[in-house]
Amino acid sequence: MGTYEEQSMSSSIEKAKGVKDILPPDEPYWELVEEAAKKTARDFDFFRISTPIFEKTDLFLRGVGKRTDLVAKEMYSFKTKGDDALTLRPEGTAPVMRAYIENGMKSLAQPVKLFYIEPFFRHERPQHLRQRQFYQVGFETLGFGSSVIDAELIQAATHILRRIGLEGFEFQVNTLGDASCRPSYMKKLQEYLKDNKKSLCLDCQESMVRRPFNVFECQEEKCARIARMAPKMIDELCEPCHSHFRELLEMLDEIEVPYTLNPFIVRGLDYYTRTVFEIWLSVEGEPSGMRALGGGGRYDGLAAELGGGEIPGSGFALGVERLIRVIKNQGLVPPQHKEREKSIFLAQLGFAARKRSLKLFSELMREGIHASAAFSRESLSSQLRIADKLGVEYALILGEKELFDKSIILRNMKTGNQEILEMRNLIAELKNRLSPFSTKLFRPI
Ligand code: AMP
């Protein structure tokens, strides 16, 4: 038996595997991403939606597809005491489509444009940049099937990334056809893979009938060789899918979005039709040289799978943790939140002054003067040390004597000069000295 401390250390509870605490030093980065997403949503007329963190498991079985890796291997599914089969949402599109159908959004002006910033859950092998709880910014446009919607979504994603200040990203674009041209193409691909079965890895051999697209995502060099020579969807499109794709590319050229045609982008989920894309970033030192920041595409068949009839849709999601890593790697400094930038510190000495300071704190705030304070500290020197660390311009010092005289001391933190102000003139004096008062306004992105 060890000491009490040793015992309590060894039995202390740690977080579950594959999840992370988001700590205060990272908060400005989260705010930067959220602000960029919200501002872009306002510019493009998207409205925020929040769906529940868990859904009926059937939503994902039917929407995303039973045989996809996401559903077959990565879902956090559980039975409740009432015997309901529920799942922590692994992605946002199926829940948003469910909400659209269930809340009668079909009767609104179409398309309905929604966005979310939410956590998602996937039981993946935890590794660098793969977590079991992670956040996505998602934009979805429902109720309209035209290619201009796909272009508008790609434009919105570009705006978010540019607003953050990111550089070096590129869209990898492909088309997966639709229910009229994909089935015959899939047969062709299966035949080709069967003919080359011996040259495939065991995983691809095993999935070549069930999920022939897997070969396009396989990391094995021998499978990549077979994939390069495989028939491609883009050569087998029906006329409407062909026009849709051609129009999209013309629009991307027009708006000067950086993109590459990539026939290997297949996205792992069953609901995709026609347009699919990923957003890649050149990152030196990454194994593949590129890293996915997000992805998306069109899902015209999803609503029918959920029993909602014909409702076309298209959307994308960006991984927030990945964005933040890139923001840091590119040395971007998030603007500090306005309220975090303070020019005044409020110090107090003695119980009566502390009481009065609490009230003064609110009075200052009402006047738009955001002060810092350390009410829990008693000694003046320790309070001034904190003020010093915060880098404020002035400290206000309120002691018993000042309280009695209805005055307050104003200390210039740079020079150490102190003067006595009358309490009734305080607000006017501060506004005067700190003018222009809003020197540290939040910098818009
Ligand atoms: P997906 O739709 O699965 O391609 O996900 C879209 C984006 O979300 C990805 O490009 C990643 O940036 C992010 N993402 C997906 N899964 C995870 C995960 N397990 N951990 C962290 N980020 C993820």
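The text that follows walks through the structure, step by step, so that each part is easy to find. (Residues numbered from 1 in each chain as written. Predicted model: local features only at pLDDT ≥ 70, side-chain atom pairs only at ≥ 80, totals over all residues. Heavy atoms only, no water.)

**Side note on the site of the ligand**
In the vicinity of the ligand there are 14 residues, among which R122, E124, Q131, Q136 and R267 approach most closely. Between the ligand and R267 there is a distance of 2.8 Å, counted from an oxygen atom to a side-chain nitrogen or oxygen. Taking L293, its main chain carries an N or O atom lying 3.1 Å from an oxygen atom of the ligand. The fraction of the free accessible surface of the ligand (470 Å²) that becomes covered by protein chains is 88%. Among the elements of the structure, strand 6 (133-142), strand 10 (290-298) and strand 11 (313-319) are those that each provide at least two residues to the shell around the ligand. Element by element, the count of residues in the shell around the ligand is highest for strand 10, at three residues. Counted by class, the shell around the ligand contains five nonpolar, four polar and five charged residues. (Near = heavy atom within 4 Å. Polar contact = N/O pair within 3.5 Å; in protein donor to acceptor, adjacent residues only side chain to side chain. Areas by Shrake-Rupley, 256 points an atom, 1.4 Å probe, with all protein chains shown as cover. Helix = DSSP H or I, 4+ residues; strand = E, 2+ residues; numbered from the N terminus. Nonpolar A, V, L, I, M, F, W, Y, C, P; charged D, E, K, R; others polar.)

**Describing the packing of aromatic side chains**
If you walk through the whole model with that rule in mind, you get 15 aromatic pairs. Ring centres 6.0 Å apart and planes at 55° place the aromatic pair F171 and F277 in the tilted group. Here the residue F171 occupies a position in strand 7 (residues 169-175), and F277 occupies one in strand 9 (residues 273-282), the gap between them amounting to 106 residues. Site record: aromatic cluster; members linked through ring pairs are F46, F115, F139 and F316. Between R89 and the ring centre of F120, over which it is positioned, the NZ or CZ distance is 4.9 Å. Above the plane of the ring of Y29 lies K328, whose end atom (NZ or CZ) is 5.0 Å from the centre. (Phe/Tyr/Trp six-rings, centres within 6.5 Å; stacked < 30°, edge-to-face > 60°. Lys NZ or Arg CZ within 6 Å of the ring centre and 35° of its normal.)

**Some points on helix 2 (residues 27-44)**
Since one α-helical turn is 3.6 residues long, residues separated by three or four positions face the same way. The terminal C-alpha atoms of helix 2, which comprises 18 residues, lie 26 Å apart, in line with the 26 Å expected from a rise of 1.5 Å per residue. For helix 2, the complete set of buried residues consists of P28, Y29, W30, L32, V33, A36, A37, T40, A41 and F44. Directly after helix 2, the chain includes D45, whose backbone phi takes a positive value near 65°. (Expected span 1.5 Å × (residues − 1). Buried < 20%, exposed > 50% of the residue type's maximum accessible area, 1.4 Å probe, protein only.)

**What to know about the pairing of strand 14 (residues 394-398)**
Most of strand 14 is tucked away: five of the five residues are buried. The pairing of strand 12 (residues 344-348) with strand 14 spans five bridges and is parallel. Among the inter-strand pairings, F345 is bridged to a residue of strand 14, identified as A395. Sheet topology note: the strand 14/strand 15 (residues 407-412) ladder contains four bridges and is antiparallel. Residue pairing across strands places I397 opposite I409, the latter belonging to strand 15. (Pairing = 2+ DSSP bridges.)

**Comments concerning the sheet that holds strand 14**
In space, the five strands of this open sheet follow the order 13-12-14-15-16, with mixed pairing throughout. Looking at strand neighbours, the two that pair on one side only are strand 13 (371-373) and strand 16 (418-422), the edges of this open sheet. Going from strand to strand, the sheet's axes swing by 30° on average, the running direction of each strand aside. Against the sheet, helix 15 (residues 380-390) makes contact with strand 12, strand 13, strand 14 and strand 15, and its axis sits at roughly 170° relative to strand 12, the strand it touches most. Seen against the sheet, helix 17 (residues 426-433) touches strand 12, strand 14, strand 15 and strand 16 and runs at an angle of roughly 135° to strand 16. (Axes fitted to C-alpha atoms, helices over the stretch in contact; angles between N-to-C directions. Contact = heavy atoms within 4.5 Å.)

**Quick look at the nonpolar core**
Counting residues in hydrophobic clusters, the biggest one holds 53 residues, and the most contacted among them are M97, L193, L200, F213, V215 and F216. Setting aside residues up to four positions removed in sequence, F216 forms contacts with Y185, L189, A227, A230, P231, K232, F264 and V266. (Core = buried A, V, L, I, M, F, W, Y, C linked by side-chain atoms within 4.5 Å.)

**Observations concerning the sheet that holds strand 3 (residues 76-79)**
Taken in spatial order, the three strands of this open sheet run 2-4-3, and their pairing is antiparallel. Each edge of the sheet is formed by a strand with only one pairing partner; in this case those strands are strand 2 (54-56) and strand 3. Averaged over neighbouring strand pairs, the angle between their axes works out to 30° when direction is ignored. Judged from the three bridges that link them, strand 2 and strand 4 (residues 85-88) form a sheet pairing that is antiparallel. Paired with E55 across the two strands is T87, which belongs to strand 4.

**A look at the pattern of salt bridges**
Inspection of every chain in the model, using the stated rule, returns 26 salt bridges. With a closest N to O distance of 2.8 Å, R298 and D150 form a salt bridge. With R298 in strand 10 and D150 in helix 6 (residues 147-164), this residue pair connects regions lying 148 residues apart in the sequence. Given a relative accessible area of 1%, D150 falls into the buried group. (Salt bridge = Lys/Arg side-chain N within 4 Å of Asp/Glu carboxyl O.)

**Some remarks on the pairing of strand 4**
Each regular strand displays side chains that alternate between the two surfaces of the sheet. By the bridge criterion, four bridges tie strand 3 to strand 4 in an arrangement that is antiparallel. Paired with K79 across the two strands is A85, which belongs to strand 4.

**Let's talk about the layout of surface pockets**
Here the second largest pocket defines a volume of roughly 800 Å³. Mapped onto the lining of the second largest pocket, the elements with two or more residues apiece are helix 3 (57-65), helix 7 (182-195), helix 9 (214-217), strand 9 and helix 12 (302-305). Along the lines of polarity and charge, the residues of the lining of the second largest pocket split into 14 nonpolar, seven polar and 14 charged. (1 Å grid on protein atoms, 1.4 Å probe; cavity = no way out; pocket = protein on both sides within 12 Å on 5 of 7 lines; lining within 4 Å. Points joined across faces, edges and corners; volume = space filled by probe spheres on them.)

**Concerning the side chain of E402**
Topologically, E402 is positioned in helix 16 (residues 400-405). Among buried charged residues, E402 stands out as having no salt bridge; its nearest opposite-charge side chain is K401, 5.5 Å away. Each residue touching E402, except ones within four places of it in the same chain, is listed here: I397, S407, I408 and I409. (Lys, Arg positive; Asp, Glu negative; His and termini not counted.)

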